[in-house]
Amino acid sequence: MALSVLLSSSPLLTSKADEKYANVKWDELGFALVPTDYMYVAKCKQGESFSKGEIVPYGDFLISPCAGILNYGQGLFEGLKAYRTEDGRITLFRPDQNALRMQTGADRTCMTPPSLDQFVEAVKQTVLANNKWVPPPGKGALYIRPLLIGTGAVLGVASAPEYTFLIYTSPVGNYHKASSGLNLIVDHKHRRAHSGGTGGVKSCTNYSPVVKSVMEARSSGFSDVLFLDAATGKNIEEVSTCNIFILKGNIVSTPPTSGTILPGITRKSISELARDIGYQVQERDVSVDELLEAEEVFCTGTAMVVKAVETVTIHDKKIKYKTGEKALSTKLHLILTNIQMGVVEDKKGWMVVV
Ligand code: COI
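An unreviewed UniProt entry annotates the chain as Branched-chain-amino-acid aminotransferase of Arabidopsis arenosa. Entered under Cofactor (unreviewed entry) in the UniProt record, the comment concerning the chain runs "pyridoxal 5'-phosphate".

So, in structure tokens, the structure goes:
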């Protein structure tokens, strides 16, 4: 692969060098690309398995104008994070789950996935190569973005003859900067996914169509958009980049992953943690009307972690929810991040040392 190293400058980079850390203003991290030093690249011809893969300098690469990803959106991505713990380790949260999800997505989009072992090993190698960019404990995480894309040339609609498995990273802080909860608006016009489509896998094609809704919502002062199901327009499904939960009494409910909703790894982990502390967790259709009576609403995702929702607007009606110290979402956020940051013992076996 021809590579040209990207000589990129970022306002987040400082001028003073440090041996252990890259020159980043760690307190100012949001969720925007801060290019790191290296990326991982492996290739696979259709019908074969992936090459060993190598760590190369991070940068632009050559791609056929006729590539499957460019023409027909044949691509999947994943997102996971590496954390630096107080005792100096660098850890990953459930990378095997991302590897598995990529396999499911590859089947749906007709690509050869890397093996589970290759995926996890490649993530570790990429993090190790970029270890200076893993933020200090408590200052954020190194976001890891694995891609599986059709890079071979394909003119007729078909699977590309060659796939690339690529991993790059960026240090990140919070996805939404505001420390208060999200203000969501229900989108009554656009749908994110439909039955039989690709909403249940992490296809690149699921994300650009939500941008219009998100931009419209932001221009009206909302933080993000809540999508409804395409079949009836009566049930809540997913926020643009994350899963959603509601709380009423002792019952935490979240829409089921029956093909239109992304099976989030944070979603699954939070369901387990909520059960551990005595809540009943139901995966079922959640009607938009239930938002009127919910006590809490919160979102989960790798980028989002666990984020309280302060208000949801349905047509012109704004409903307010409990947020803050006493909210369940705050408690779950703390339980999860304490495991991720190595503050408490990981009794689940979720964390993997790099
Ligand atoms: C993640 O949480 O990793 C996501 O996939 C969200 C991303 C689209 C920003």
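Asks: Describe in detail the overall build of the chain, supporting the description with residues and values.
Replies: Looking only at helices and strands, the chain has six helices and 19 strands in total. For 354 residues, the compact-globule formula gives about 20 Å, and the C-alpha radius of gyration of the chain, at 20 Å, lands near that figure. Each of the three principal axes of the chain carries a C-alpha extent, and together these read 55 × 50 × 40 Å. Once local pairs closer than 6 in sequence are excluded, the contacts in the chain between residues at least 24 apart make up 69%.

Asks: Tell me about unusual backbone geometry, and name the residues and values.
Replies: The phi dihedral of Arg 94 falls on the positive side, at around 50°, and the residue is not glycine. With respect to the secondary-structure elements, Arg 94 resides in the loop between strand E7 (90-93) and helix H2 (95-108). Judged by C-beta crowding, with 20 C-beta atoms within 10 Å, Arg 94 ranks as buried. Although it is not a glycine, His 315 sits at a positive phi angle of roughly 50°. Within the secondary structure layout, His 315 lies in the loop between strand E17 (305-314) and strand E18 (317-320). His 315 gets classed as exposed once you count the C-beta atoms within 10 Å, which come to 8.

Asks: Account for the UniProt feature "modified residue: N6-(pyridoxal phosphate)lysine" (unreviewed entry) in the chain, naming residues and giving values.
Replies: In this structure's numbering, the residues bearing the UniProt feature "modified residue: N6-(pyridoxal phosphate)lysine" (unreviewed entry) are Lys 202. Note on placement: Lys 202 falls in the loop between strand E10 (182-187) and helix H4 (208-219). Once you skip the residues sitting within four places of it in the chain, Lys 202 turns out to touch Leu 76, Phe 77, Glu 78, Arg 101, Gly 105 and Leu 262.

Asks: Break down the pairing of strand E15 (residues 280-283) for me, with residues and values.
Replies: Two strands pair when backbone bridges link them, and strand E14 (residues 251-254) and E15 are joined in this way by four bridges, in the parallel orientation. Residue pairing across strands places Thr 254 opposite Glu 283, the latter belonging to E15. What joins E14 to E15 is helix H5 (residues 265-276), and the crossover it makes is right-handed.

Asks: Please set out the packing of H2 against helix H3 (residues 116-129) residue by residue, giving values where relevant.
Replies: Closest axis-to-axis distance for the H2/H3 pair is 9 Å, and the angle between their directions is 130°. Considering their axes alone, H2 and H3 lie oblique with respect to each other. Our pair here, H2 against H3, has a crossing hand that is right-handed. For the pair formed by H2 and H3, the contact residues are Pro 95, Asp 96, Ala 99, Leu 100 and Met 102 on the first element and Leu 116, Phe 119, Val 120 and Val 123 on the second. Among the residues making up the contact of H2 with H3, the classes are represented as eight nonpolar, no polar and one charged.

Asks: Tell me about H4, residues and numbers included.
Replies: Taking 1.5 Å per residue, 12 residues should reach 16 Å; H4 reaches 17 Å between its end C-alpha atoms and fits that length. Those residues of H4 that sit buried are Val 210, Ser 213 and Ala 217. All buried residues of H4 lie within an arc of 60° about the axis, which places them on one face of the element. In H4, those exposed residues whose orientation departs by more than 90 degrees from the buried face are Ser 208, Val 211, Met 215 and Ser 219. Buried-residue contacts for H4 involve E10 and strand E11 (224-228). Two residues or fewer past H4, Gly 221 is found with a positive phi of approximately 90°.

Asks: Requested: an account of H2, with residues and values cited.
Replies: Spanning 14 residues, H2 covers 20 Å between terminal C-alpha atoms, matching the ideal 20 Å at 1.5 Å per step. Residues Pro 95, Asn 98, Ala 99, Arg 101, Met 102 and Gly 105 constitute the buried set of H2. Taken around the axis of H2, the buried residues stretch over an arc of 165°, which confines them to a single face. Looking one or two residues past H2, Cys 110 carries a phi angle of roughly 55°, positive in sign.

Asks: Let's hear about the environment of Phe 298: which residues, and what values?
Replies: Along the chain, Phe 298 falls in strand E16 (residues 296-301). Phe 298 sits in the buried class, given 30 other C-beta atoms within 10 Å. When the C-alpha positions of Phe 298 and Val 172 are compared, they lie 21 Å apart, and in sequence the two are 126 residues distant.

Asks: Run through the confidence of the model for the chain, naming residues and quoting values.
Replies: Here the chain averages 94 in pLDDT, while 95% of its residues score no lower than 70. Below a pLDDT of 50 lies the segment residues 1-11, which in the model reaches 19 contacts outside its immediate sequence neighbourhood of four places, other chains included. Complex prediction metrics read pTM 0.93 and ipTM 0.95.

Asks: Please set out the environment of Leu 182 residue by residue, giving values where relevant.
Replies: Relative to the helices and strands, Leu 182 resides in strand E10. The class of Leu 182 is buried, set by 25 C-beta atoms lying within 10 Å. A C-alpha to C-alpha distance of 14 Å links Leu 182 and Gly 301, two positions 119 residues apart in sequence.

Asks: Explain the packing of H5 against helix H6 (residues 328-340) to me, using residue names and the numbers behind them.
Replies: Here H5 crosses H6 at 110°, and the two axes come no closer than 10 Å. When the axis of H5 is compared with that of H6, the two are roughly perpendicular. Residue-level contacts link Ser 269, Ile 270, Leu 273 and Ala 274 of H5 to Leu 332, Ile 335 and Leu 336 of H6. Class assignment for the residues of the contact of H5 with H6 results in six nonpolar, one polar and no charged.

Conventions we followed
Residues numbered from 1 in each chain as written. Predicted model: local features only at pLDDT ≥ 70, side-chain atom pairs only at ≥ 80, totals over all residues. UniProt positions renumbered as here; feature names shortened; annotations may be inferred. Helix = DSSP H or I, 4+ residues; strand = E, 2+ residues; numbered from the N terminus. Rg over C-alpha atoms; globule rule 2.2 N^0.38 Å. Contact = placed C-beta atoms within 7 Å. Buried ≥ 20, exposed ≤ 12 C-beta atoms within 10 Å, placed from the backbone. Pairing = 2+ DSSP bridges. Right-handed = clockwise from strand over helix to strand, strands pointing away. Axes fitted to C-alpha atoms, helices over the stretch in contact; angles between N-to-C directions. Parallel < 35°, antiparallel > 145°, perpendicular 65-115°, else oblique. Left-handed = near helix turned anticlockwise from the far one by under 90°. Nonpolar A, V, L, I, M, F, W, Y, C, P; charged D, E, K, R; others polar. Expected span 1.5 Å × (residues − 1). Arc of directions from axis to C-beta. pLDDT = per-residue confidence, 0-100.

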